[in-house]
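# Analysis of the macromolecular model
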Amino acid sequence: SQQSVDRTLTRLVQDRMYGLTRSPEGSIQYSTSLLDSSLAVQFREGVRLGKALNINIDRLCHFAKKDVRHNKLEEAQENYLKAQELDPTDGRPYLGLSRIAQRRGDLKHAKGLLKEGIGKSSGGSVVVRGPSSTGKKKKGKGGNNDRREKKNKDDDDMEEGPPTIGHIPDLGPNPFLLQALGTLEQKLGNLATAEELYLQAIRSRPSHAAAWVSLAQLRTKKLRQGAKAGRACYQSAERELMRIGAKPSSFVYTAWASMEYKKGGREDDAKSLRKARELYQKALNVDPRCSVAFLGLGVMESECGNYDLAQECFEEVLTFDQRNSRVLQAYAIMESRREPRVEEVDSRRVLDLFERALKANPRDAGVYQAYALFVVELGDIDSARSLLRKGTSVDKRHAPVWQAWGVLETRYSTAKLARDVFQQGIWACAQPGGGQSGGRRCARLWQAWGVLEAREGDHAAARRCFSRALDADNRNVASLTAWTLMEAELGNFADARSIFERGLRMFRGQSADKTALWRAYEVMEERAGNTMEAQRVFQRSMGEAMADSDEITPENPSTEAEDLLTASKLKLSKKREVEVSRWDTGSNELDSEVWMNNGSIEGKVPASTMKKLKNRR
C-alpha cells in the first residue's frame, strides 16, 4: 500500500532547509521559501545565486572550529574557505583562517586576512532588551487552562525573558575582527596600533566586552598604567552591557577581579582583596561553571594563605573540568607552598597533580616550567633540566621556560652553557619587527643574561645585555633595577642615577611599577650613605603622586592613551611578587635577591631593609 506523507514532518524539514527565522517583532518569517518563487533557491549554470542561508555557514564554521581543536588545520582551512565562498561578508571565516595562519607562524598572512575581512565583512547589530516583566500570570481555572499552559510551556518560558525592543547596528567595521587584529598587533609589539584598533572596535560597538577587556589589559600590563586606567575600562564595559539589557559578562568580571588584586594599592590591601572576591563572586553568579573565576579565586586565596579555601575552588573546577591543565598546575603549586611547611612534604601528591596537568595538555609549556622548578626544590637537577628542555620543544616561543632553563644552568652548571641557552631562547622568541633586541618577549632573557654576566665579572657585557633588554622593553623594571644595582655595587652612582631618571621618565602616570622604581632609587641612596639624596627622592615620589590627581571616571572614560594619567598612590606590596621559585637565599648586589616573579627574574629589595628605612624616617 502506498505510504501516506507526513505533512507536518515535511513542513518541519522545509522550515529547516529554507531558513526559518524570527523577525525583531517575534513573528516567523522565511529567509528563503518555496512559497515565493522570487525567494527560492536558484542556480545558474551550476552556480548558486544570491546569499547563502546562514545555517550553511554556521555548519561549516562549526566543523572548522572542531577541526582546529583537534589540530586538523588542513580540514579546518578547507571548511573556512567554503564558508568564505558562500558569503564573503561573514567575518567568521576570516577570523578562523587568521588563527590557522598564526598556528603555522605566518603572522603576515594572518594580518592580511584580518584586514581583508574588515574591508569586506558587514557590520552586525546588537539586540536591545527591555526590563523584565515582574507581573505574575493569572492562574487559570479548570483543567483546560492547566493543559493549555503545559502544552505551551516552551512559549511561556520564552516570554518570561526580557522583551526585545530593538536593534542597534554597529557604527563601524566588524568589532570582532578589529579586536582580533589588535591582539595580533599586540603580540607583534605594536602597542600603539593595538590600542587604536581596540578603540575602533569599541566605537563600532560600545558593548563589545572583549575589546574593553583587551584595552584594559594592554594599558595596565603593557603600558604600565595604574589601576584606575583599567578600572575605567571594566566599569564602562559593565555599564554598556547594562544599557542594552544584555547579560553581564563573567569574562569582564574575572579580568577585573584579577586586576584589582594585582594592581590595588598596599594601603588599601584589604579593600582590594574584598573587591576582588566580590567580582569573582559576580562572575560565578553569571556562570556557576566558570573555570577562570574559580582558578583566579583559588590562586588569590592560596597567595593569601587561605589554602583550604583555595583547595575548595580547585576541587570544584575539577568536578566539571577534569582536563584543565592550568587548574591542575595551580593546585600543584598551592600544595607545594602550604604553610607551615612540614619536614616531609607530600611531594607525591604534587608530582601526581603535575603529571595529570601534562596528561591533560602535553603542549602547555607553563606546566613544564612549574614542574621543573618544583623538581629543583627536590634536588633532582637532571630531571628538571629534561623537563625544561621538553618545554622549549613543545613551545619554542615560551620565553619564561627559556629563562628558567638559563637560570638553572647559571646556578648548577657553567656560564658558557647558560649563555648558549639564553641565546637560543632569544633566537626562538624573537618577534618580527623587534630589531636586534628581538622584541618585548626577549626582554626577560636579556635581563637574566645581564645578571649572569655581572656575576661573572664581565660588566661591559652585562651593560650590553641590560641595554638590549631596555631596548626591547623600555619599561622593564627588572632590567632597570638589576642594572642600577650593578652600577651601585661598582660605585658608579652617577650612572645609576642616570638610569633611574631615564627609566622614571618612561612612566607617564603613577603606577605600581613606577612606585617600585622610586623605592629602589631611594634605597640605593640610603645604602650609599646619601641620606639627604634619599629624602629628596622620597619627597619627589610623594609630590608626583599627589600632583598626579586626575581622576578617570567610568561615566566618561578617556579614549586616548595620552589622557590616561592615573593618580593612585601605590606602594610596594609583597603579595604582588608571586614567588614561583627562589633560586638562591644568599645575598648579592645590595643584599637583594633574584626571584622568579611570574617567570621574570627581578632584583627585589628585602622587606627587612625597607622596614628599617621607614623606621629611620
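Residues numbered from 1 in each chain as written. Predicted model: local features only at pLDDT ≥ 70, side-chain atom pairs only at ≥ 80, totals over all residues. Heavy atoms only, no water.

Right, let's get into the overall build of the chain. A tally of helices and strands in the chain yields 28 helices and nine strands. Burial analysis of the chain (617 residues in total) assigns 48% to the buried set. Sequence separation of 24 or more characterises 57% of the internal contacts of the chain that already satisfy a separation of 6 or more. Accessible surface, the chain as shown: approximately 32,600 Å² in total, 49% of it carbon and sulfur. (Helix = DSSP H or I, 4+ residues; strand = E, 2+ residues; numbered from the N terminus. Buried < 20%, exposed > 50% of the residue type's maximum accessible area, 1.4 Å probe, protein only. Contact = heavy atoms within 4.5 Å. Areas by Shrake-Rupley, 256 points an atom, 1.4 Å probe, with all protein chains shown as cover.)

In this model, helix α8 (residues 175-187) (13 residues) spans 18 Å end to end at C-alpha, consistent with the 18 Å of a helix rising 1.5 Å per residue. Counting buried residues in α8 gives ten out of 13 residues, a clear majority hidden from the surface. Turning to α8, its buried residues are Pro175, Leu177, Leu178, Gln179, Ala180, Leu181, Gly182, Leu184, Glu185 and Gln186. Among the structural elements, α4 (91-103), α5 (107-120), α9 (191-204) and α10 (209-222) are those in contact with the buried residues of α8. The N-cap residue of α8 is Asn174: its side-chain oxygen and the backbone nitrogen of Phe176 are 2.9 Å apart. Two residues or fewer after α8 comes Gly189, characterised by a positive phi angle close to 90 degrees. (Expected span 1.5 Å × (residues − 1). Polar contact = N/O pair within 3.5 Å; in protein donor to acceptor, adjacent residues only side chain to side chain.)

On to unusual backbone geometry. Backbone geometry at Asn71 places phi at a positive 60 degrees, although glycine is not the residue there. Position of Asn71 among the secondary structure elements: in the loop between α2 (54-69) and α3 (73-86). Asn71 gets classed as exposed once you look at its relative accessible area, which sits at 54%. The phi dihedral of Arg224 falls on the positive side, at around 60 degrees, and the residue is not glycine. Mapping Arg224 onto the fold places it in the loop between α10 and α11 (227-243). Since its relative accessible area comes to 12%, Arg224 is described here as buried.

It is worth spelling out the pattern of salt bridges at this point. One pass over the structure, following the stated rule, counts 32 salt bridges. Between Arg92 and Asp90 there is a salt bridge, and its shortest N-O distance comes to 2.9 Å. For Arg92, a relative accessible area of 36% puts it in the partly exposed group. Between Glu238 and Lys282 there is a salt bridge, with the nearest N and O atoms lying 4.0 Å from each other. Of this pair, Glu238 sits in helix α11 while Lys282 is found in helix α13 (residues 269-286), placing the two residues 44 residues apart along the sequence. The exposure class assigned to Lys282 is partly exposed, which follows from its relative accessible area of 28%. (Salt bridge = Lys/Arg side-chain N within 4 Å of Asp/Glu carboxyl O.)

With 74% of its residues at a pLDDT of 70 or more, the chain has an overall mean of 79. Every residue in residues 32-39 is under pLDDT 50, and counting partners more than four places away or in other chains gives 13 contacts. Taken together, the stretch residues 134-159 has pLDDT below 50 and engages in six contacts with residues farther than four places along the chain or on a different chain. (pLDDT = per-residue confidence, 0-100.)

Side-chain alternation along strand β5 (residues 125-129) places Val126 and Val128 on a buried face and Ser125, Val127 and Arg129 on a face that remains uncovered. With five bridges connecting them, β5 and strand β6 (residues 164-169) associate as antiparallel partners. Residue Ser125 lies in a different strand from β6, and its bridge partner there is Pro169. (Pairing = 2+ DSSP bridges.)

Here the focus is the packing of aromatic side chains. All told, the structure shown has ten aromatic pairs when counted by the stated rule. On the basis of an interplanar angle of 55 degrees and a centroid distance of 6.3 Å, the ring pair of Phe294 and Phe320 is categorised as tilted. Of this pair, Phe294 sits in helix α14 (residues 291-303) while Phe320 sits in helix α15 (residues 307-320); the two residues are 26 residues apart in sequence, bridging distant segments of the chain. A single burial state applies to Phe294 and to Phe320, both of which are buried. An angle of 40 degrees between the planes, with centres 6.2 Å apart, marks the rings of Phe354 and Phe374 as tilted. (Phe/Tyr/Trp six-rings, centres within 6.5 Å; stacked < 30°, edge-to-face > 60°.)

Quick look at the nonpolar core now. If you look at the biggest cluster of nonpolar residues, it comprises 104 residues, and the most contacted ones within it are Tyr234, Phe314 and Phe354. Here this core takes ten residues from helix α18 (residues 365-378), the largest share from any one element. Those residues within four positions of Tyr234 in sequence are excluded, and the remaining contacts are Val213, Ala216, Gln217, Val252, Ala255, Trp256 and Met259. Within the second largest apolar cluster, 22 residues are counted, among which are Val451, Leu480, Met486 and Ala488. (Core = buried A, V, L, I, M, F, W, Y, C linked by side-chain atoms within 4.5 Å.)

What follows covers a positive patch on the surface. The grouping of Lys65, Lys66, Arg69, Lys72 and Arg99 at the surface amounts to a positive patch. Tracing the backbone through its elements, the reader meets Arg69 in helix α2. (Patch = residues over 30% accessible without salt bridge, like charges linked within 9 Å, V, L, I, M, F, W, Y side chains within 5 Å. Lys, Arg positive; Asp, Glu negative; His and termini not counted. Charge placed at Lys NZ, Arg CZ, Asp CG, Glu CD.)

In this structure, His208 sits in the loop between α9 and α10. Discounting residues that sit within four places of it in the chain, His208 has contacts with Pro175, Phe176 and Gln179.

Relative to the assigned elements, Ser383 resides in helix α19 (residues 381-394). By relative accessible area, Ser383 is classed as partly exposed at 30%. When the C-alpha positions of Ser383 and Ala372 are compared, they lie 7.4 Å apart, and in sequence the two are eleven residues distant. In this structure the side chain of Ser383 is engaged in a polar contact, spanning 2.5 Å, whose partner is the side chain of Asp380.

With that settled, the discussion passes to helix α23 (residues 459-472). With 14 residues, α23 ought to run about 20 Å at 1.5 Å a step, and its terminal C-alpha atoms sit 20 Å apart, in line with that. Those residues of α23 that sit buried are Ala461, Ala462, Cys465, Phe466, Ala469, Leu470 and Ala472. In this fold, the buried residues of α23 make contact with α22 (443-456) and α24 (477-489).

Here we take up the environment of Gly112. Tracing the chain through its elements places Gly112 in helix α5. A residue is classified by how much of its surface remains accessible, and Gly112, at 35% relative accessible area, is partly exposed.

Another point: the state of the cysteines. Taken as a whole, this structure holds zero disulfides when the rule is applied. We note that Cys442 lacks a disulfide partner, and the nearest cysteine sulfur, in Cys429, lies 5.6 Å from it. Relative accessible area serves as the criterion here: at 0%, Cys442 is assigned to the buried category. (Disulfide = S-S within 2.5 Å.)

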